[in-house]
Amino acid sequence: MTYFLGLTGGIASGKSTADDFFKKKNIPIIDSDLIAHKIMEVGQAGYQAVVDYFGSKILTDNQTINRRKLGEIVFNDQAKLKKLNSLTHPLVHQEIKRQMEQYRLNQEKLVVIDVPLLFESGFESLCDGVLVISISPELQLKRLMKRNNFTEKEALSRINNQMPLSEKEKRATYVVANTGTINDLEKRLSDLLQKIGR
Ligand SMILES: CC(C)(COP(=O)(O)OP(=O)(O)OC[C@H]1O[C@@H](n2cnc3c(N)ncnc32)[C@H](O)[C@@H]1O)[C@@H](O)C(=O)NCCC(=O)NCCS
Ligand SMILES: Nc1ncnc2c1ncn2[C@@H]1O[C@H](COP(=O)(O)OP(=O)(O)OP(=O)(O)O)[C@@H](O)[C@H]1O
């Protein structure tokens, strides 16, 4: 039986950094951010729906979706974010489920499903356990501003559009803090793999 470990956390809490560790251990990852990007590539199912709704102002000169611009719009307007979610999430969930089925058929022992909005979209019912990567609000803001070159306002608008990390920790099966070095994180994840027994 495949064990599906949901992986979530807050924006910039360290999910992709955790994914890098699992990849090094040859554990397959289903990456929903990547899937969301793919379905919005030119010609893909999500592209036309998003462009029809938001208009050509979200396009770059070569007709691809300018995610920074789209992000600026939706993270400052909850109704538009809700709309974007309604256009993209069914397609993302469909692709996640397709990949899960493949891994199940291949009798993979452990698969990590990285879903930033796992609890928000009720995805935990499809997972055998949920790992939350947590950090303090101060560190989250600092890392997000640095990684995306965001102002404090830009970073806070993204953080505040997600369920509070403290609430995600309460709902988690496992919580791993990413407050130290990346080495510390890897050590904690290694201990977790022992605990899960895979
Ligand atoms: C708004 C968009 C264009 C911003 O693109 P950008 O390249 O700046 O960010 P990226 O996609 O890499 O996401 C970075 C992080 O933002 C957060 N985030 C992304 N989408 C959302 C959302 N709908 N609600 C809250 N937080 C979100 C997540 O923590 C995610 O890990 C993009 O995130 C998007 O299309 N989102 C809608 C699809 C979605 O919900 N994706 C999340 C996985 S299902
Ligand atoms: N332990 C750490 N020490 C220092 N920097 C870190 C640590 N862990 C992650 N980072 C950095 O913090 C930033 C956010 O981490 P990461 O991209 O893994 O977060 P994420 O949860 O995947 O973000 P998103 O929600 O946007 O997908 C990155 O620039 C990463 O290199």
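Residues numbered from 1 in each chain as written. Chains lettered and ligands numbered in written order. Predicted model: local features only at pLDDT ≥ 70, side-chain atom pairs only at ≥ 80, totals over all residues. Heavy atoms only, no water.

**Overview of the site of ligand 2**
Around ligand 2, a shell composed of 15 residues is seen, among which K15, S16, T17, R147 and N178 lie nearest. T17 is positioned such that a nitrogen or oxygen atom in its side chain is 2.5 Å from an oxygen atom of ligand 2. Take N178: an N or O atom from its side chain is 2.8 Å from a nitrogen atom of ligand 2. Relative to its unbound accessible area of 640 Å², ligand 2 is 77% covered by the protein chains. In a pocket analysis with a 2 Å cut-off to the grid points, ligand 2 is assigned to the largest pocket. (Near = heavy atom within 4 Å. Polar contact = N/O pair within 3.5 Å; in protein donor to acceptor, adjacent residues only side chain to side chain. Areas by Shrake-Rupley, 256 points an atom, 1.4 Å probe, with all protein chains shown as cover. 1 Å grid on protein atoms, 1.4 Å probe; cavity = no way out; pocket = protein on both sides within 12 Å on 5 of 7 lines; lining within 4 Å. Sits in = over half its atoms within 2 Å of the grid points.)

**Remarks on the layout of surface pockets**
The volume enclosed by the largest pocket comes to roughly 1500 Å³. Around the largest pocket, the lining comprises 46 residues; the ones closest to its centre are I11, D33, F75, P116 and Q162. Secondary structure elements with two or more residues in the lining of the largest pocket: α1 (15-24), α2 (32-39), α4 (67-74), α5 (78-105) and α6 (137-148). Considering each element in turn, the lining of the largest pocket owes the most residues, 10 residues, to α5. Classifying every residue of the lining of the largest pocket gives 16 nonpolar, 17 polar and 13 charged. At the level of secondary structure, the elements contributing two or more residues to the lining of the second largest pocket comprise β2 (29-31), α2 and α5. (Points joined across faces, edges and corners; volume = space filled by probe spheres on them. Helix = DSSP H or I, 4+ residues; strand = E, 2+ residues; numbered from the N terminus. Nonpolar A, V, L, I, M, F, W, Y, C, P; charged D, E, K, R; others polar.)

**Observations concerning the UniProt feature "binding site: ATP" (unreviewed entry) in the protein**
Mapped onto the present numbering, the UniProt feature "binding site: ATP" (unreviewed entry) falls at A12, S13, G14, K15, S16 and T17. Within the annotated group, the residues that form the lining of the largest pocket are A12, S13, G14, K15, S16 and T17. Looking at the element boundaries, K15 is found in helix α1. For K15, a relative accessible area of 8% corresponds to the buried category. Contact partners of K15, with chain neighbours within four places excluded, come to L7, T8, G9, G10, D114, P116 and I133. Only 2.9 Å separates the side chain of K15 from the backbone oxygen of G10, close enough to count as a polar contact. Of note, S16 is situated in helix α1. (UniProt positions renumbered as here; feature names shortened; annotations may be inferred. Buried < 20%, exposed > 50% of the residue type's maximum accessible area, 1.4 Å probe, protein only. Contact = heavy atoms within 4.5 Å.)

**Notes on the environment of Q63**
Locating Q63 in the fold gives a position in the loop between α3 (45-54) and α4. C-alpha of Q63 to C-alpha of K38: the two residues are 25 residues apart in sequence and 15 Å apart in space. Setting aside its immediate chain neighbours within four residues, Q63 contacts V42 and Y47.

**Quick word on the packing of aromatic side chains**
For the coordinates displayed, the defined rule picks out two aromatic pairs. Ring centres of Y53 and F54 lie 4.8 Å apart, and the angle between their planes is 80°; this geometry places the pair in the edge-to-face category. Given a relative accessible area of 3%, F54 falls into the buried group. (Phe/Tyr/Trp six-rings, centres within 6.5 Å; stacked < 30°, edge-to-face > 60°.)

**Observations regarding the environment of R198**
For R198, the position within the fold is in the segment after α9 (182-196). Judged by its relative accessible area of 38%, R198 is partly exposed. In sequence terms R198 and V92 are 106 residues apart; their C-alpha atoms lie 27 Å from each other. Apart from residues lying up to four places away in sequence, R198 is in contact with M1, Y3, K109, L110 and L193.

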